[in-house]
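# Architecture at a glance
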Amino acid sequence: MAAKAQTLIDGLRDPLRPEHRIGYLTGPDPVFTSYAELHDRAQRVLGLLQDRGVGPGRFVVLVSADIQAFLELFWGCLLGGAVPVPVSAGGTDEHLLKIQRVLGLFDDPLLLIEADGRDRLAAWSEVPMPKVLTLDEVRSAAAGGVEGRLHDVKPDDLAYVQFSSGSTRAPKGIQLTHRNLVANTDGIIQAIQLEPEDRPHAWMPLTHDMGLIGGHLTPFMRGTNHTLIPTERFVRRPLTWMQEAATHGVTVTSGPNFAYQHTLRVYKPERFEGLDLSPVRVIFNGAEPISYELVKRFLNTFETHGLRPASMFPVYGLAEASLAVSMPPLLSGLRRTVVDRRKLGLGDTVRAPERPEDGLDLVPLGKAIPHCEFRIGDGAPDDTVGPIWIRGDNVTRRVRTEDGDLDPLVDGWYETGDLGFVSGGDLHVAGRVKEMAIVNGQNVYPHDVEAVASQVDGIELGKVIAAGVRDPGSGREVLALFVLWRKDDEEFTGLAQRLREHVTRQTGVAPSVIHPVSKIPKTTSGKLQRVRVAQSWEVGEL
């Protein structure tokens, strides 16, 4: 039996798993690559990197939506001790700005990008272009290049850098070591009892922790066959997520809150006739606040196709923890804790609502997984709201910013920026500290207001953003709602009035601003960029 892995490279070289496969579902026919073949192709890509002067410790920025080429270059970097830096692909000014700002954080980085992307970036950027490697060169090297020289990788060597912020703020690069990633993947494997016979399936972008760590590295380190589909394919045809799951006998998959609504929006029973989802035993649900009612509707819909309600697996995690922090017991399914939304401020003791309209559904997110722990504040008692802190072998020790490398830990603990509490042994997340608004002395969480707003006809969850903004006259913080709207202005006036009345009645806070917008900004993983919208409003950009 192989020794327990200390690095990701140990997983790639494990003699017990060379014939396990990755399936790339990029076209009508899947392309399968064994782990052994991935090793060989990655080592040939390493040869290309070393031919370009890339040695241990050199940063390689990966901008590619080609999942096979991405993974071959990612593993090629790891085999040679170079450090991959995944960044989401795209041709918008937002994407180009992020690429430029990320490149500026590293000395002499190598950039992997499509040829047309290179040309757009060169024409758009105001700073000198770095050395560039194209996808065609990577594909050619993987198929028939010269093998590179392997590096002796150690557990505390830097494995890769993942970015957790968008282009509206200075980029923040979470530096993850092999020790961090081995600890977190092992914790996930134990928590869901992942076995070699499982069949994980993922569509989340490989530039996101749920995509790369959850969708690829975790099944890879366990030695299971797993399948990947391009994120764009899910975005354009969301039903492919469940259709591919049924076709390939998937047992483990994942998606943040918006994915369930995106799928339900186009669902038609006839498209699933004869498809069986009963093999699915775990659906990770994380990365953003979880809507109990929405997910319940998703489960009820697909239960008719064999999906078991107990498969829903609400979790908590963040990039600084590599990926996962807490998970519930297996087969506990979707649960809820109903609390008074008016008692969720810092230091409050949560309580059941006295009136139905004051009730807020929060989904329990389980206990800490192996190799990680959390606490509320300095050790607040149960049912007390406070900042969530984490520590463990999975938690980053270094963060790269425009001010240099920073140590984010305080006495070994990392403050997540989330507020939460523990009740019944389970972690509950109330919301982000930086997003919480205080309106007339009342704590207001945007995701709560958005869920209430979506109860109004004509408003959909994910198509409305709630945020606290400064009133220019009084300087006080007020509640603002920004609604995706591309129809007649007069019709919006009536909708805004109904929306104001409903939100005021349900939350006790009256929106001072209700404004139509032509676009709802989101991250590549579907998170609403509330702070960005609020800032745009305050400086007059809307």
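Check the entry above for the structure.
## A word on the overall build of the chain
Along the backbone of the chain there are 15 helices and 29 strands. Since a compact globule built from 542 residues should have a radius of gyration of about 24 Å, the 23 Å found for the chain is in line with a globular shape. When the backbone C-alpha atoms are referred to their principal axes, the chain occupies close to 70 × 55 × 50 Å. Taken over 542 residues, the chain has a buried fraction of 57%. When contacts within the chain are restricted to residue pairs at least 6 apart in sequence, those whose partners lie at least 24 apart make up 70%. For the chain, the computed accessible surface area is about 22100 Å², with 49% contributed by carbon and sulfur atoms. Between the averaged position of the 59 positive side-chain charges in the chain and that of its 70 negative side-chain charges there is a distance of 1 Å.

## With respect to the pairing of strand β1 (residues 21-24)
Two strands pair when backbone bridges link them, and β1 and strand β2 (residues 31-34) are joined in this way by four bridges, in the antiparallel orientation. Residue pairing across strands places glycine 23 opposite phenylalanine 32, the latter belonging to β2. In this antiparallel pair of consecutive strands, β1 and β2, the connection spans six residues. Here three bridges tie β1 to strand β10 (residues 226-228), and the two strands are oriented parallel to one another. In the strand pairing of β10, tyrosine 24 is matched with leucine 228.

## Re the nonpolar core
By size, the foremost hydrophobic cluster in this structure holds 112 residues, and its most contacted members are Leu73, Trp75 and Phe298. The element contributing the most residues to this core is helix α3 (residues 67-80), with ten residues. Setting aside anything within four residues of it in sequence, one finds leucine 73 in contact with Val45, Leu49, Val60, Leu62, Leu112, Leu133 and Val138.

## Considering unusual backbone geometry
As a rule of thumb, non-glycine residues mostly have phi less than zero, and peptide bonds are mostly trans rather than cis. Its identity as a non-glycine residue notwithstanding, leucine 331 has a phi of 65°, on the positive side. In this fold, leucine 331 is placed in the loop between β15 (324-327) and β16 (337-340).

## A few points about helix α11 (residues 257-265)
Of all nine residues that make up α11, eight are buried, and the element is covered over most of its length. Inspection of α11 places Asn257, Phe258, Ala259, Tyr260, Gln261, His262, Thr263 and Leu264 among the buried residues, and these make up the whole buried set. Buried residues along α11 sit against α9 (231-236), α10 (240-247), β12 (282-285), α12 (292-303) and β13 (312-314).

## Looking at the sheet that holds strand β21 (residues 398-401)
By way of backbone hydrogen bonds, the strands of a sheet pair with one another, either parallel or antiparallel. Spatially, the four strands line up as an open sheet ordered β7-β8-β21-β22, and their pairing is antiparallel. The two strands at the open ends of the sheet, each matched to only one other strand, are β7 (158-163) and β22 (404-406). Adjacent strand axes in the sheet meet at a mean angle of 30°, parallel and antiparallel pairs treated alike. Note: strand β8 (residues 173-177) against β21, three bridges, orientation antiparallel. The partner of isoleucine 174 across the bridge, within β21, is valine 399.

## Description of the pattern of salt bridges
Inspection of every chain in the model, using the stated rule, returns 32 salt bridges. Arginine 139 is the salt-bridge partner of glutamate 114, the closest N and O atoms lying 3.8 Å from each other. With glutamate 114 in the loop between β5 (110-113) and α5 (115-124) and arginine 139 in helix α6 (residues 135-144), this residue pair connects regions lying 25 residues apart in the sequence. A relative accessible area of 30% means that arginine 139 is categorised as partly exposed. Within this structure, Asp340, Arg342, Arg351, Arg355, Glu357 and Asp358 form a network of salt bridges that share partners.

## Some remarks on the environment of threonine 504
Within the element layout of this structure, threonine 504 appears in helix α14 (residues 489-507). Note on threonine 504: relative accessible area 29%, which makes it partly exposed. Separated by 51 residues in the primary sequence, threonine 504 and alanine 453 have C-alpha atoms spaced 9.9 Å apart. When near neighbours in sequence (up to four residues on either side) are disregarded, threonine 504 contacts Val509, Ala510 and Pro511.

## Describing the sheet that holds strand β11 (residues 252-254)
The strand order across the open sheet formed by three strands is β11-β12-β13, and the pairing between neighbours is parallel. In the strand order of this sheet, the two ends are held by β11 and β13, each with one partner. Neighbour-to-neighbour, the strand axes of this sheet turn through a mean angle of 25°, independent of strand direction. Of the strand pairs in this sheet, β11 and β12 are connected by three bridges, and their pairing is parallel. Bridge pairing in β12 places serine 254 opposite phenylalanine 284.

## Some details on the packing of helix α7 (residues 178-192) against helix α8 (residues 209-222)
Taken N-terminus to C-terminus, the directions of α7 and α8 make an angle of 85°; their axes are 9 Å apart at the nearest point. Considering the angle they form, α7 stands roughly perpendicular to α8. Contact residues: Leu181, Val182, Thr185, Ile188 and Ile189 in α7; Ile213, Leu217, Thr218, Met221 and Arg222 in α8. Within the contact of α7 with α8, the residues separate by chemical class into seven nonpolar, two polar and one charged.

## What about the environment of aspartate 51?
Its location among the elements puts aspartate 51 in helix α2 (residues 35-51). Spatially, the C-alpha atoms of aspartate 51 and serine 454 are 55 Å apart, while their sequence positions differ by 403 residues.

## Thoughts on the pairing of strand β28 (residues 477-484)
By the criterion of burial, β28 is predominantly enclosed, with seven of the eight residues buried. Inspection of the sheet shows strand β27 (residues 464-470) paired to β28 by seven bridges, in the antiparallel sense. Bridging from a neighbouring strand, alanine 467 pairs with alanine 480 of β28. Examined bridge by bridge, β28 and strand β29 (residues 513-517) share five bridges and lie parallel to one another. The residue of β29 that forms the bridge with valine 483 is proline 516. For the crossover that starts at β28, traverses α14 and ends in the parallel β29, the hand is right-handed.

Parameters at a glance
Throughout, residues of each chain are indexed from 1 in the direction in which the sequence is written. Local features are withheld for residues below a pLDDT of 70 in this predicted model, meaning they are given only at 70 or higher, and side-chain atom pairs are given and counted only at 80 or more; totals for whole chains, interfaces and linings count all residues. Here the side-chain values reflect all heavy atoms present in the structure, with hydrogen atoms and water set aside. Under the scheme used here, helices are H or I runs from DSSP no shorter than 4 residues and strands are E runs no shorter than 2 residues, and both carry numbers assigned from the N terminus. Radius of gyration here is computed from C-alpha atoms only, and the compact-globule reference equals 2.2 Å multiplied by the residue count raised to the power 0.38. We call a residue buried when its accessible area falls under 20% of the maximum for its residue type, exposed when it is over 50%, and partly exposed in between, using a 1.4 Å probe and counting protein chains only. Between two residues, a contact is recorded if the distance between any of their heavy atoms is within 4.5 Å. Only the protein chains shown count as cover for residues, and the accessible areas themselves come from Shrake-Rupley with a 1.4 Å probe. For the purpose of counting charges, residues Lys and Arg are taken to be positive, whereas Asp and Glu are taken to be negative. His and the chain ends are not included. To locate a charge, the coordinates of NZ of Lys, CZ of Arg, CG of Asp or CD of Glu are taken. At least two bridges found by DSSP between two strands is the condition for calling them paired. Buried residues of nine kinds, namely Ala, Val, Leu, Ile, Met, Phe, Trp, Tyr and Cys, make up a nonpolar core once their side-chain atoms join them within 4.5 Å. All axes here are fitted lines through C-alpha atoms, helices being fitted over the stretch that makes contact, and every angle between N-to-C directions spans 0 to 180 degrees. Within this document, salt bridges are pairs made up of a side-chain nitrogen of Lys or Arg and a carboxyl oxygen of Asp or Glu, the two lying within 4 Å of each other. We call two directions roughly parallel when the angle between them is under 35 degrees, roughly antiparallel when it is over 145, roughly perpendicular when it lies between 65 and 115, and oblique otherwise. Residues are grouped as follows: nonpolar covers Ala, Val, Leu, Ile, Met, Phe, Trp, Tyr, Cys and Pro; charged covers Asp, Glu, Lys and Arg; every other residue, Gly included, is treated as polar. Throughout, right-handed denotes a crossover for which the path from the first strand over the helix to the second runs clockwise when the strands point away from the viewer.

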